[in-house]
Amino acid sequence: MTQSDQSRPLESRPSGALTGKVRVPGDKSISHRALILGALAVGQTKVSGLLEGEDVMNTANAMRALGATVERTGDFEWLVRGVGVAGFAQPQAPLDFGNSGTGCRLVMGAVAGCPITAVFDGDASLRSRPMRRVLDPLELIGARVGASGESGRLPLTLVGAREPLPVVYRTPVASAQIKSAVLLAGLAAPGTTTVNESRTSSSARHRSTP
């Protein structure tokens, strides 16, 4: 590089207005919840902007296995025909969530309020992550763990409550997954299910915890 190249000044000029369209990727946490809530609703739920990543698709497959209809109708456009609260059907095979802790824990909550038995599984990484923090409040609601690895690790068999009970539960840690699982299970319980937190949880914060 010559001396003249090194000393060449940089110039900046005004440009025209920036125009165009940008599609923001869908949020993974919201996408999981949209599919689950759509499956628990009666009738059709239309979801736009769904994040079509592997984790969310595993949740979509789980909803299909539990009796809901989940269809892709266009780019990032999905239609869910739900079965109603506590209306899930007995799955014929284990529900495989791959590496998705969010999908697995939230679906545990949705299944806990249904009188069915489901086997939850995932890849080697998900199998190493403890599930007891979610299972403890679900057992208070009336669900039962039929079989599991150490500390509630996958694969595990979850037996849903035939007569789910409303609970008042204080989360031991700030966790959007625990909170969501308890509230999803509480949908099937008569009365009011309450979750108290010592610190407000968020999905973004919980992603870094096991």
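Anyway, here's the lowdown on the structure attached to this text.

Rules used in this analysis
- Positions within a chain are numbered from 1, following the residues in the order the chain's sequence is written.
- For a predicted model such as this one, the threshold for reporting local features is a pLDDT of at least 70, and the threshold for listing and counting side-chain atom pairs is 80 or more; totals across whole chains, interfaces and linings nevertheless cover every residue.
- Here the side-chain values reflect all heavy atoms present in the structure, with hydrogen atoms and water set aside.
- Counting from the N terminus, the helices are the DSSP runs of H or I reaching at least four residues and the strands are the DSSP runs of E reaching at least two.
- We take the radius of gyration over the C-alpha atoms and set the globule estimate at 2.2 Å times the residue count to the 0.38 power.
- Using a 1.4 Å probe on the protein chains alone, a residue whose accessible area is under 20% of its type maximum counts as buried, one over 50% counts as exposed, and one in between counts as partly exposed.
- Calculation of accessible area relied on Shrake-Rupley with a 1.4 Å probe; when residues are assessed, cover is drawn exclusively from the protein chains displayed.
- Charge convention: Lys and Arg are scored as positive, Asp and Glu as negative, and His as well as the terminal groups of each chain are ignored.
- Note on charges: their place is set at NZ of Lys, CZ of Arg, CG of Asp or CD of Glu.
- The term nonpolar core refers to a set of buried residues drawn from Ala, Val, Leu, Ile, Met, Phe, Trp, Tyr and Cys, joined through side-chain atoms within 4.5 Å.
- Residue contacts follow a heavy-atom distance rule, with two residues in contact if any of their heavy atoms lie within 4.5 Å.
- In this description, a line fitted to the C-alpha atoms serves as the axis of each element, helices being fitted only across the stretch in contact, and the angle between N-to-C directions of two axes falls anywhere from 0 to 180 degrees.
- Each angle gets one of four labels, with under 35 degrees taken as roughly parallel, over 145 as roughly antiparallel, 65 to 115 as roughly perpendicular, and the rest as oblique.
- Crossing handedness: left-handed means the near helix sits turned counterclockwise from the far one by under a right angle, and right-handed means the same turn made clockwise.
- In this count, Pro and Cys sit with the nonpolar residues alongside Ala, Val, Leu, Ile, Met, Phe, Trp and Tyr, while Asp, Glu, Lys and Arg are called charged and the others, Gly among them, polar.
- Two strands are counted as paired when DSSP detects at least two bridges linking them.
- Working definition: rings of Phe, Tyr and Trp (its six-membered ring) pair if their centres are within 6.5 Å, and the pair is stacked with planes under 30 degrees apart, edge-to-face with planes over 60 apart, and tilted otherwise.
- For a crossover, the right-handed case is the one in which the path from the first strand over the helix to the second runs clockwise, viewed with the strands pointing away from the viewer.

Considering the overall build of the protein chain
Okay, step 1: For the protein chain, the helix and strand inventory stands at 8 helices and 9 strands.
Okay, step 2: On C-alpha atoms alone, the protein chain measures out to a radius of gyration of 22 Å, which is more than a quarter above the 17 Å that the 2.2 N^0.38 rule sets for 210 residues.
Okay, step 3: Each principal axis of the C-alpha distribution contributes one length, and for the protein chain these read about 80 × 35 × 35 Å.
Okay, step 4: In the protein chain, which comprises 210 residues, the proportion classed as buried is 42%.
Okay, step 5: Counting only carbon and sulfur atoms, one obtains 51% of the accessible surface of the protein chain, whose full area is about 11,200 Å².
Okay, step 6: Once the 23 positive and 17 negative side-chain charges of the protein chain are each reduced to a mean point, those two points are 4 Å apart.

Some words on the nonpolar core
Okay, step 1: If you look at the biggest cluster of nonpolar residues, it comprises 48 residues, and the most contacted ones within it are Met63, Phe88, Val107, Met108, Val111, Phe120 and Leu158.
Okay, step 2: Elements with a minimum of two residues in this core: helix H2 (28–40), helix H3 (54–65), strand S3 (77–83), helix H4 (101–112), strand S5 (117–121), helix H6 (132–141), strand S7 (156–159) and helix H7 (176–186).
Okay, step 3: Here this core gets 7 residues from one element, more than from any other, and that element is H4.
Okay, step 4: If sequence neighbours within four positions are ignored, methionine 63 has contacts with Leu35, Ile36, Ala39, Ala68, Val70, Phe88 and Val107.

Some thoughts on the packing of H2 against H4
Angle between the axes and distance between the axes are the two parameters that describe a pair of packed helices.
Okay, step 1: Where H2 contacts H4, the axes come no closer than 10 Å and their chain directions differ by 20 degrees. Compared by their axis directions, H2 and H4 come out roughly parallel. The way H2 lies across H4 gives a crossing that is right-handed. Residue-level inspection shows His32, Arg33, Ile36 and Leu40 of H2 in contact with H4, the latter providing Thr102, Gly103, Leu106, Val107 and Ala110.
Okay, step 2: Per-class residue counts for the contact of H2 with H4 are 5 nonpolar, 3 polar and 1 charged.

Some thoughts on the sheet that holds strand S2 (residues 69–74)
Okay, step 1: The strand order across the open sheet built from 3 strands is S1-S3-S2, with neighbouring strands paired in antiparallel fashion. Across the chains shown, the open sheet's two edge strands, defined by having one partner strand only, are strand S1 (42–48) and S2. With direction set aside, neighbouring strand axes in the sheet form an average angle of 20 degrees.
Okay, step 2: As paired strands, S1 and S3 are joined by 7 bridges and run antiparallel to one another. Across the sheet, valine 42 pairs through a bridge with valine 83, a residue of S3.
Okay, step 3: In the packing of H2 onto the sheet, the strands contacted are S1, S2 and S3, and the crossing angle to S3 comes to about 40 degrees.

Looking at the packing of aromatic side chains
Aromatic rings considered in pairs are described by the distance between their centres and by the relative angle of their planes.
Okay, step 1: By the definition in use, this model includes 1 aromatic pair.
Okay, step 2: With centroids separated by 5.8 Å and ring planes inclined at 5 degrees, the aromatic side chains of phenylalanine 97 and phenylalanine 120 adopt a geometry described as stacked. Placement of phenylalanine 97 in the loop between strand S4 (95–96) and H4 and of phenylalanine 120 in strand S5 is noted, with a sequence separation of 23 residues between them.
Okay, step 3: Classification of phenylalanine 97 by relative accessible area gives buried; the value is 0%.

Regarding the pairing of S5
Okay, step 1: One ladder, built from 2 bridges, connects S4 with S5; its direction is parallel. Looking at S5, one finds that leucine 95 is bridged to phenylalanine 120.
Okay, step 2: Between S4 and its parallel partner S5, the chain crosses via H4, and the hand of that crossover is right-handed.
Okay, step 3: Direction of pairing for S5 relative to S7: antiparallel, over a ladder of 4 bridges. Each residue of the ladder has a partner; that of alanine 118, found in S7, is leucine 158.

Some thoughts on the sheet that holds S4
Okay, step 1: Taken in spatial order, the 4 strands of this open sheet run S4-S5-S7-S6, and their pairing is mixed. In this open sheet, the two strands that pair with only one neighbour each are S4 and strand S6 (144–147).

Take it as geometry only, folks, not as evidence of what the structure does.
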